[in-house]
Structure formats: structure tokens, C-alpha cells
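Results of the structural survey
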Amino acid sequence: MNQEVSFYEVKKYKTGILNWILSTDHKRIGLLYLYSILAFFIVGVCLGLAMKLELIAPGKTIMEAQTYNAVFTFHGIIMIFLIIIPGLPAVFGNFLLPIMIGAKDVAFPKLNLLSWWIYVLGAVVALMSQFMGDGPPDTGWTFYAPYSFKTSTTMLPAIIGAFILGFSSILTGLNFIVTIHRMRAPGMTWLKMPLFPWSLYATGWIQLLSTPIVGITLLMVVAERTMNIGFFDPALGGDPVLYQHLFWIYSHPAVYIMILPAMGTISEIIPTFSQKTIFGYKAVVASTLLIAFVGYFVWGHHMYTAGMSDTAVWLFSLMTFLVAIPSAVKVFNWIATMYKGSINLKVPLYWALGFLFLFMVGGLTGLVLGAVATDVQVHDTAFVVAHFHFVMFGGVGTAFFGAMHYWFPKMYGKMYDESWAKVGFYTFIVGFLLLYMPMFWLGMYGMPRRYYDYLEQFHGGNIISSFGALVLVAGLAIIIINLVTSARKGKKAEKDPWHGKTLEWQVDSPPTLENFDTIPVVEKGPYEY
Amino acid sequence: MEKVTTTHEHDHYDHEGSKLGMWLFIFTELLLFGGLFITYAVYKYLNPEAFHMAAEELNVGVGAINTVILLISSATIAMSITALQQNNIRLTKVMLEITMMLAITFLINKYFEWGAKISHGIYPGSDHLMEMSRGEILFYGLYFFMTGLHALHIIVGVAFIAVVYSKILKRKVNAERYVLLENSGLYWHLVDIVWIFLFPLFYLIT
Ligand SMILES: [Cu+2]
């Protein structure tokens, strides 16, 4: 095979699309995920915008209550199961993990392609719920029992879709763990591995060890709906609170499936744009593993008001607070990395700084929810929604855009347009703050989540929030259009436009089919400047 | 020390890596059943009497026979791996055939066992079951769900073994490259060990 041309030029089939959907090349699979996720993201954003427009005034504005219920459910299913859970690992993990550890591909390339196909299957099944039977699901993305088996809406495809998507996630995690164990380049010991692969490693374990729990829980709900087995139905002896336990045993660690790779991305961007080695490499690694581990024992913080023993409540609260320690270790390390570095203020670093700020707000408001007394006040209010969007959208979302700009030259061999990217960034941040900041206040004063209507006293905050949504969408449009046009018409990128030190900056932009002509031998740590 | 061979991706064969992958997959399977074992534990704790009574209705004899069948089949598949390592293809095939036969026998027993319960009107959602206490409803719900899911794993396991068997016939799985057989063996042991837990939980807690 010709080693000179980029992987885009290597074609096995005559029909263009087959070269993508049948390819076992990790880079093509990463891009397949990117395009699928982008498509779903646009749908999810439109649904979010529709909700915000509904809330611009009290009472019915643009949709009925039932439609609103369906919209927030579908928004949640798309954003959680189709976008942020696969998110960074499936896109950037696939594209970059093998390159960053000096390998030609992942350990199981065919399984990798299968994961994408399972993802597509799960997505199609989940989408079917919108067009079948007695209307789209209206339970929220959490599928809480007993409502999820009492409602007459089309639940089964949504639940089975989520189950199938879990499979895809497990297989990706499995593939990455084996890849990291078996395929690191000679000389790349565990402690010479870059931090993004480290975060994928910890994420892989969470994907493996927590996804099956939600898988079986969803199957139990399916059995409940189809065979009348009363696992969670009090009338048949079951306990709905058990559903919540089982659901959050997965779904809390799942937020670390989302946030750990985001943190890994930030740990790559900051040293590169500070031209300085990461401060406390080992502490960052340890905090990654610690977050993954402690994250298993905090699920109860979603259920303070659901009926648990007081002992369980304070234990879960304590464990939740403990997660703040490794998270803060990371934040301090990132800031210390920038200290006295030669800062190269480019767009990826903008996003990393945006991440730091928004994630910090999200993290600190998380403590308001982790503390029992304050949680009882703000439970199930707009405050929770604001917190969640700060960590997920403000955290994972900004990291995703950071990664997108950071690795854009590597993926497309082109440079994005710097000034438009900055415009996009500022519009995004302004829109984001306008959208979600008021929701903290609204929640504090008692505006419940998941209602299409509200009291007059909440009108002002909601107007600001809805206006922010429009700004935010404009920002997203600028970012996406800029990236798409740059991918086609941008300036040609060099191998190493940011003077990064990790292995992906030593291969061509875009890389050749097998990434490396000869597998490199690693002698130094990943960030030695 | 540039001595790394540049094999093409499709020729990539990593015995240790494949086995590691299988072990990881087995962890997920264990946790899948783990969710059910938690559910079982909670409801057994809440309904000790009803679980005791309902368990007496299950046929310990059939359960015990099925346990023995699975244990033997685990032994035969292990033997097939050793046979293949020693390049004794004939013995490998015989051992795999026995394993698959035993698996099918297990399913046949299961079929009759379930059939007997269903003919007595005990199955999820049946009128007869709905007249029983809540603990008993839960017990039978768990019984059908967990043994059903386990039976599904038996079917997947047999299919897996059948695929490996055909690859042995084509010499694609052989004395040098036997990791696929080893992995099917690992999977089969998983199916076996899950049953080892299901058997006492449903049949022996009287
Ligand atoms: Cu949580």
C-alpha cells in the first residue's frame, strides 16, 4: 500500500459511501461518528430551542403540554444517549487514540466498525419511537418507573434503542482498553502515555462496568411492559425506588463517561498552548482513576427525596463531596501548567479556558445539589437543569469544541478560520451564560423543571433565558459553518501547527492509512518541552 | 531497537489481546446478571416467607440434573481446547460435539420444566399467579426472567461454539491459532457459573 497518500485517498470500493460505512480504519470510523453525532446534535438543539421558545411566556406559547413532554424527552434521549455518551471517545478516541499511543489501529478494527453499526441501529430504533403507536414517549430520558410502564405512549422502541446504544458503548470501551494494554508503542510505559488516552482508559472501565446495569434495568422495564412482570410495580410487589437505584448506578458513572474524556482533552490542549509540561502528571492520572472509582458510589444523590434511610443519604452526600477533591486537583494542575508558560492564545485554548470557567460553575453548583439540605430545596427545579447543562454542555460541550479546533488540522489537513472561530466562541459563551445563568435563580425560587407553564413571577428570567438560547444557537451555527467551510477551503495545515509534543503531531496531516511508516520508539514523557 | 514488524491490519493476531477482550466482555455479562442478583436479593430480603414457599414448588431434581449437565459440558469444552493445542483435531471435534449435545439437553429439560409450570397456570401475568401473594409473584417473575435470560445465553453460547466448530473444520482455528476456541470456552464457563448461582437461589433456598 502506498504510504505517501492520506487515508482519505485509500479507497477499496468504487461507490464512495461504501469506503466509509464498511471501513475498519479507526480514522474513518471516528469521522463516521462525528457526522452522525453532528446530525443528531442539530436535531437535539432544535428541540431545545423549541422548549425555550415555549417558555418565553407563561401558558401555552407554541406547543401543548403533551408535546412539551415529548420534546424534553426526545431532547434528553438524543443529547444523552446519542451524543454525549459516545461523544469524545467515539469521535476523537477513535481518530486519535491509536495515533497517540503509536499504533496503526485499535485492537479490534472489525469490532470497532460493528460498534458504529450498532450505534446506528440503536439510533434508528430510538427514533422509531417518535413515529409509532400512540405518540412519542413522555417520561423524560430517565424512564422512571412506574410511569414508564403505565404511560400509553410508545416506550418500547425508546427503551430498546437505549439498550442497543449501551452495547455500542460497551464494545467501544472494551476495544480501547485492550488497545491501550496491548498496542502502546515500544517504550511508552503507562506513565509515559498522554493524558487523553489515560482518560479513555478510565472511561472504558466505566463503560464496561456500569453500562450492563442500566442495560438489564431497561430490559426489566421491557419485561414489565410486555410480560407484566412486576419488578417495579407496587401492585405486583415491586418497588419503583429500586428502579431509581439501578438506573443511577449506571447513570451517575455515565456522567464520568462523558466528563473524563473532556478532562483528558483539556489536559492535552493546555500543555500544548502553554508550551510547558503538564503540572503534576501523576496527580492528573491518579485523579482520573479516582474520579472513575469514587463515581461508582455516589448515585444516591439523585434520590435524596425518593425515600432512603438517613444513613444512606449522608453517606451518598459524603461520597459526592469526595468527588470534588480529584476534580479540583485537575483544575489546579491545569492552572499551574499555564503559570509562567509561554501562552499561545489560540482558539483551542479559548475553549479550554471556557471549559475551566463553565465547568467550575457547574461543579460548584453540583455541591449545592450534593448537600442534602440545599438539595431538598432545589430538587427537580430549573436549578438542576442549569447545573446539568453547565457540566454537560459547558463542560463536555466546550471540551468537544476545543478538541474539534485543536485536532481539526490533523483530521482534515486544513486550518480553520481563526477570526470566525473566535466570533463563534464569544457568541457561544454569551448565549450560554444568558441561557443558563437565569435558570439558577429560577430554580432557587422554585420554578420546577419539565413544566411547559410557569407563574408570572418567573417571566423575566425566562425571557432572558430564551433570548440566550437564540444567541447560543447563532454561536453554534457560526462555529459549525466555519468548521465545515474550513474543512473544504481552509489553508493547508502543517504536521504540527501548534508545536505539540504528543505523537499525533509527528504524523502527516491528515495521517496516512497506517498512521506511521515505522512504529515510533518512545523515550520521553508526553509533554517534554 | 526498531524491530517492530509492519503486519497488515487484517493479519493482526494477538492471542493475549483477544483473551483480554473476552475477559472484559465477561465482566460486563457478570454485571448484567449482577443487576438481577441485586434485585433478587432485595426482594428476597423483603419477602423471605413467600420466596421459601414458592421455591418449594420448583423441581429440584431437574435443576440438579441441569447443573450436572452444565458442569460436564464445561469439562468437555476445556478438554477440546487441550486437544486442539495438541493438534488432535478428531478429539477436539468429538468434545465440542458432546458440549453442544449437552447444551441442547439442558434446553430441552428447561423446556419441559417451564412447560410444566405454564400448564399449571404459573407464568408472568397469568390469572393464577395474580391470585398468589406479592412475594410469590416476584419470585416467579424473577425465575422466568433470570432463567430465561440464562437460557438465551446458552443459545448464544451454542451458536458461538458452532461457529468455532465450523472454523476448526476449515482449519482457520488450529493448534497455532486457537484463541477463538479458548474464548468460546471462557464464555461457556460464564454461562455455567451463572447457573451455579441461579440453581441454589431458586431451587435450594427452601
Ligand atoms: Cu449523579
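Just so it is clear, the model here is predicted, and its values are computed rather than measured. (Residues numbered from 1 in each chain as written. Chains lettered and ligands numbered in written order. Predicted model: local features only at pLDDT ≥ 70, side-chain atom pairs only at ≥ 80, totals over all residues. Heavy atoms only, no water.)

1. Points about the overall build of chain A
Condition: Elements are defined by DSSP. Helices are runs of H or I of four residues or more, strands are runs of E of two residues or more, and each kind is numbered from the N terminus. This radius of gyration counts C-alpha atoms alone. The globule rule is 2.2 Å times how many residues there are, raised to the power 0.38. The rule is simple: take the accessible area with a 1.4 Å probe, protein chains only, and divide by the maximum for that residue type; under 20% is buried, over 50% is exposed, in between is partly exposed. What makes two residues a contact is simply this: any of their non-hydrogen atoms within 4.5 Å. Shrake-Rupley sampling with a 1.4 Å probe provides the accessible areas, and residues are treated as covered by the protein chains on show and by no other component.
In terms of regular secondary structure, chain A is built from 16 helices and zero strands. For 529 residues, the compact-globule estimate of 2.2 N^0.38 gives 24 Å, and chain A sits close to it at 23 Å. By its C-alpha atoms, chain A is 65 × 50 × 45 Å across when sized along the principal axes. A buried classification covers 65% of the 529 residues belonging to chain A. Here the analysis covers contacts within chain A between residues at least 6 apart in sequence; of these, 81% occur between residues at least 24 apart. Just so you have it, chain A exposes about 18,900 Å², and 69% of that area is on carbon and sulfur atoms.

2. A closer look at the coordination of the copper ion
Residue and element names in this part refer to chain A. Short version of the rule: Note on donors: an N, O or S atom is included if it sits within 2.8 Å of the metal, or within 3.2 Å for Na, K and Ca, and water is never included, so sites can look incomplete.
The protein atoms donating to the copper ion are His 252 (ND1), His 301 (NE2) and His 302 (NE2), with metal-donor distances spanning 1.7 to 2.0 Å. Here the donor residues of the copper ion are spaced in sequence according to H-x48-H-H. One end of the pair, His 252, is in helix α9 (residues 240-274); the other, His 302, is in the loop between α10 (281-294) and α11 (310-338), with 50 residues separating them in the sequence. For His 252, a relative accessible area of 6% gives the class buried.

3. Looking at the packing of helix α3 (residues 60-85) of chain B against helix α7 (residues 179-204) of chain B
Residues and elements named next belong to chain B. Counted only if it meets this: Each axis is a line fitted through C-alpha atoms, and for a helix only the stretch in contact is used; angles between axes span 0 to 180 degrees, taken between their N-to-C directions. These descriptions rest on fixed angle ranges, namely under 35 degrees for roughly parallel, over 145 for roughly antiparallel, 65 to 115 for roughly perpendicular, and the rest for oblique. Take the far helix as your reference; a near helix turned counterclockwise from it by less than a right angle gives a left-handed crossing, and one turned clockwise gives a right-handed crossing. Amino acid classes used here: Ala, Val, Leu, Ile, Met, Phe, Trp, Tyr, Cys and Pro are nonpolar; Asp, Glu, Lys and Arg are charged; the rest, including Gly, are polar.
The interhelical angle for the contact between α3 and α7, taken along N-to-C directions, is 165°, at an axis separation of 10 Å. What the angle tells us is that α3 and α7 run roughly antiparallel. By crossing handedness, the relation of α3 to α7 is classed as left-handed. Classifying every residue of the contact of α3 with α7 by side-chain character gives 15 nonpolar, nine polar and two charged.

4. Looking at the nonpolar core
Considering soluble globular proteins, one finds that nonpolar side chains tend to be buried as a cluster. Just so we agree on the cut-off: Side-chain atoms within 4.5 Å are what join buried Ala, Val, Leu, Ile, Met, Phe, Trp, Tyr and Cys residues into a set we call a nonpolar core.
Among the nonpolar cores identified, the biggest contains 246 residues, and A:Phe92, A:Phe143, A:Phe232, A:Trp407, A:Phe428 and B:Phe202 are the most heavily contacted of them. For this core, the element with the highest residue contribution is α9(A), accounting for 21 residues.

5. Quick notes on the packing of aromatic side chains
Residue and element names in this part refer to chain A. Basically, it comes down to this: Two rings from Phe, Tyr or Trp (for Trp, the six-membered ring) form a pair when their centres sit within 6.5 Å of each other. Planes less than 30 degrees apart are called stacked, planes more than 60 degrees apart edge-to-face, and all others tilted.
Under the defined criterion, the tally for this structure stands at 69 aromatic pairs over all chains. On the numbers, 5.1 Å between centres and 65° between planes, the contact of Phe 92 with Phe 400 is edge-to-face. With Phe 92 in helix α4 (residues 87-100) and Phe 400 in helix α14 (residues 382-412), this pair connects stretches of sequence that are 308 residues apart. Here Phe 247 and Trp 248 contribute two aromatic rings whose centre-to-centre distance is 5.0 Å and whose plane-to-plane angle is 85°, an arrangement assigned as edge-to-face.

6. Digging into the environment of A:Ile278
Residue and element names in this part refer to chain A. The topology assignment puts Ile 278 in the loop between α9 and α10. Classification of Ile 278 by relative accessible area gives buried; the value is 5%. With 56 residues separating them in the primary sequence, Ile 278 and Trp 334 have C-alpha atoms 7.3 Å apart. Among all residues touching Ile 278, those that are not within four sequence positions of it are Leu 195, Ser 267, Pro 271, Val 284, Trp 334, Thr 337 and Tyr 527.

7. Looking at the interface of chain A and chain B
Our working definition: Computed with a 1.4 Å rolling probe, the buried area is the accessible surface lost when two parts are put together, summed over both parts. What counts as a salt bridge is simple: a side-chain nitrogen of Lys or Arg found within 4 Å of a carboxyl oxygen of Asp or Glu. Any pair of nitrogen or oxygen atoms within 3.5 Å is treated as a polar contact; in protein, a donor-acceptor pairing is required on top of that, and neighbouring residues in sequence qualify only through side-chain atoms on both sides.
Each side of the interface is counted separately: chain A has 46 residues, and chain B has 36 residues. Approximately 3,400 Å² of surface area, both sides summed, lies buried where chain A meets chain B, with 74% of it carried by carbon and sulfur atoms. Ranking the residues of chain A by area buried against chain B places A:Arg182, A:Ile216 and A:Phe231 at the top, with a combined share of 15%. At the junction of chain A with chain B, the criterion picks out one salt bridge. Between A:Arg182 and B:Asp14 there is a salt bridge; the shortest N-O distance is 2.9 Å. Across the contact surface, chain A and chain B share three residue pairs in polar contact (both at pLDDT 80 or more). Of all the secondary-structure elements, those providing two or more residues to the side of chain A that touches chain B are α5 (109-128), α7 (156-182), α8 (195-227) and α9 of chain A. With eleven residues, α8(A) is the single largest residue contributor to the side of chain A that touches chain B.

8. Observations regarding unusual backbone geometry
Residue and element names in this part refer to chain A. Cis geometry is adopted by the peptide bond preceding Pro 146, which originates at Ala 145 and carries an omega value of 0°. Within the secondary structure layout, Pro 146 lies in the loop between α5 and α6 (147-150). Pro 510 follows Ser 509 through a cis peptide bond whose omega is -15°. Tracing the chain through its elements places Pro 510 in the segment after α16 (459-489). Phi at His 499 is positive, roughly 55°, even though this residue is not glycine. Note that His 499 resides in the segment after α16.

9. Considering the side chain of A:Lys52
All names here are of chain A. Put simply, the test is: Under the convention used here, Asp and Glu are negative, Lys and Arg are positive, and both His and the chain ends fall outside the count.
The residue Lys 52 is located in helix α2 (residues 26-54) in this model. It is Glu 54 that comes nearest to the buried, bridge-free Lys 52 among opposite-charge side chains, at 11 Å. If we skip the residues at most four places from it in the chain, Lys 52 touches Leu 435, Met 439, Asn 462, Ser 465, Ser 466 and Ala 469.

10. Some remarks on the packing of helix α2 (residues 48-56) of chain B against helix α6 (residues 134-169) of chain B
All names here are of chain B. It is the contact of α2 with α6, at a shortest axis distance of 8 Å, that shows an interaxial angle of 55°. Here α2 lies oblique to α6, going by the angle between them. As for the relative orientation of α2 and α6, their crossing is right-handed in sense. Contacts between α2 and α6 involve Ala 50, Phe 51, Met 53, Ala 54 and Ala 55 on the former and, on the latter, Gly 135, Glu 136, Leu 138, Phe 139, Tyr 140 and Leu 142. In terms of residue class, the contact of α2 with α6 is built from nine nonpolar, one polar and one charged.

11. Comments concerning the pattern of salt bridges
All names here are of chain A. Summed over the entire model, instances satisfying the criterion amount to nine salt bridges over all chains. A salt bridge links Glu 64 to Lys 60, with the shortest nitrogen-to-oxygen separation between them at 3.4 Å. Judged by its relative accessible area of 44%, Glu 64 falls in the partly exposed class. The residue Lys 495 makes a salt bridge to Asp 508 at a minimum N-O spacing of 3.7 Å. Placement of the pair is Lys 495 in the segment after α16 and Asp 508 in the segment after α16, with a sequence separation of 13 residues.

12. Digging into the confidence of the model for chain B
Residues and elements named next belong to chain B. Convention followed: pLDDT expresses, on a scale from 0 to 100, how confident the predictor is about each individual residue.
When the pLDDT values of chain B are averaged, the result is 90; 94% of them are 70 or greater. Taken element by element, the predicted model of chain B shows its lowest mean pLDDT in helix α5 (residues 127-130) (84) and its highest in α3 (95). Predicted confidence is poor over residues 1-10, with pLDDT under 50, and the contacts of this stretch with residues over four places away or in other chains come to 18 contacts. Overall fold confidence (pTM) sits at 0.93, and the ipTM for the predicted complex is 0.90.

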